[in-house]
Amino acid sequence: MNTETLNRPLAPVVARPRDVEQVIAGLATSDGAGVKLTRVLTQPLQRRLDPFLMLDAFGTDNPDDYIGGFPDHPHRGFETVTYMIDGRMRHRDSAGHEGVLQNGGVQWMTAGRGIVHSELPEQQEGRMEGFQLWLNLPAKDKMRAPWYRDIQSAEIPEFTTDDGAKVRVIAGTSHGVAGAMTRETTDPLYLDVALPSGTSFAQALPAKQNAFVYVYRGALRIGGVNVPAQRMAILRNEPDRDGAVVTATADARFLLIAGTPLDEPIAQYGPFVMNTRDEIMQAVADYQAGRFTG
Ligand code: FE
């Protein structure tokens, strides 16, 4: 057996791909110290896309849109996954962690029982582009110790399909290639795919998982529905569907994200996401009393 064979990605057979349920434009907003962004996954979609709580997309050549960054702010009860396509951002937190996130790298941070951190640009000019996804934690893990990992671009497994799709596997498994991160309970899949115009990409998905695609370059067609750039397509859940098949109608780059729903109550107050209102009030009290020290 030669290793070349072993290393070849295993293309999945997706016989009955999911349809598009809804195409969503997102909401232009700003956060932190005036950072302009598009909130693609907004609070009203948290139930539908459980275990994902938020997806923000940012992309600009204008320093005024990002220079303020995100000064010190708290989080409790979930994980943040920041994927930097272009640019440099320094992270510092109350648990003593510090790192620079840049060009193709990912920061995976478990806020757990509480963290205070800052995310500040390390550039005065040039392009800043990327995404921040919030992944919920199951109730049993919400108060675990904070944790984080800076994943450099070179550490993210990549493969190219026979059709020329270039796939980066940030979390989960695609075509037999294990990603940089795995998570129990929610079993998230997080792919960044570059797909040449006219070609298709298939991904097996468990029927129980919620899944969506966010197109950030070019355009896709999914089951007869056009999904242009800067749009999210929510993929319909049906018990007999075994995955997703997408076709690029122009050279495209997109995120494919899926996860197993927690089916637990969601109580959110800004950067705190717990299960009950009482737990939220406790989070606010703990933060105000300076108990978010890592
Ligand atoms: Fe943050």
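Each remark here, short or long, concerns the structure printed above.
Cut-off values and rules
- Residues numbered from 1 in each chain as written.
- Predicted model: local features only at pLDDT ≥ 70, side-chain atom pairs only at ≥ 80, totals over all residues.
- Heavy atoms only, no water.
- Donors = N, O, S within 2.8 Å, 3.2 Å for Na, K, Ca; no water.
- Helix = DSSP H or I, 4+ residues; strand = E, 2+ residues; numbered from the N terminus.
- Buried < 20%, exposed > 50% of the residue type's maximum accessible area, 1.4 Å probe, protein only.
- Pairing = 2+ DSSP bridges.
- Axes fitted to C-alpha atoms, helices over the stretch in contact; angles between N-to-C directions.
- Expected span 1.5 Å × (residues − 1).
- Arc of directions from axis to C-beta.
- Contact = heavy atoms within 4.5 Å.

A.B. asks: How should the coordination of the iron ion be read in this particular structure?
C.D. replies: As a benchmark, a tetrahedral metal site with four donors has ideal angles of 109.5 degrees, while an octahedral site with six donors has ideal angles of 90 or 180 degrees. Around the iron ion, the protein supplies His73 (NE2), His75 (NE2), His117 (NE2) and Glu119 (OE) as donor atoms, at distances of 2.1 to 2.7 Å. Taken in sequence order, the residues that donate to the iron ion follow the motif H-x1-H-x41-H-x1-E. Here His75, found in strand E5 (residues 70-75), pairs with His117, found in strand E10 (residues 115-121); they are 42 residues apart in sequence, far enough to count as distant. Neither His75 nor His117 differs from the other in exposure class; each is buried.

A.B. asks: Which parts of the structure should I look at to understand the sheet that holds strand E12 (residues 147-151)?
C.D. replies: Strand pairs in the sheet, formed through backbone hydrogen bonds, run parallel or antiparallel to each other. Strand order in the open sheet formed by seven strands is E2-E3-E4-E11-E6-E9-E12, with antiparallel pairing between adjacent strands. With one partner strand each, in any of the chains shown, strand E2 (27-31) and E12 form the two edges of the open sheet. Pairs of neighbouring strands in the sheet enclose a mean axial angle of 20°, with direction left out of account. With eight bridges connecting them, strand E4 (residues 52-60) and strand E11 (residues 128-136) associate as antiparallel partners. Bridging across to E11, Phe58 finds its partner in Gly130.

A.B. asks: Even after reading the chapter, I still don't get the sheet that holds E10, so can you show me in this structure?
C.D. replies: Taking strand neighbours across the sheet as the criterion, the four strands line up as E5-E10-E7-E8 in an open arrangement whose pairing is antiparallel. Of all strands in the sheet, those bounded by a partner on one side alone are E5 and strand E8 (98-102). Averaged over all neighbouring strand pairs, the angle between strand axes comes to 25°, with direction disregarded. Where strand E7 (residues 88-93) meets E8, five bridges bridge the pair, whose relative direction is antiparallel. Its bridge partner lying in E8, Arg90 is registered against Val100.

A.B. asks: For this particular structure, what's the right way to read helix H2 (residues 277-288)?
C.D. replies: An α-helix turns once every 3.6 residues. As a result, residues three or four positions apart point the same way. The end-to-end C-alpha distance of H2, which contains twelve residues, comes to 17 Å, matching closely the 16 Å that a straight helix rising 1.5 Å per residue would cover. Among all positions in H2, only Ile280, Ala283 and Asp286 are buried. Taken down its axis, H2 places every buried residue within 125° of arc, on the same side. Turned more than 90 degrees from where H2 packs its buried face, Arg277, Asp278 and Gln288 sit exposed. In this fold, the buried residues of H2 make contact with strand E23 (267-269) and strand E24 (272-274). Two residues or fewer after H2 comes Gly290, characterised by a positive phi angle close to 75°.

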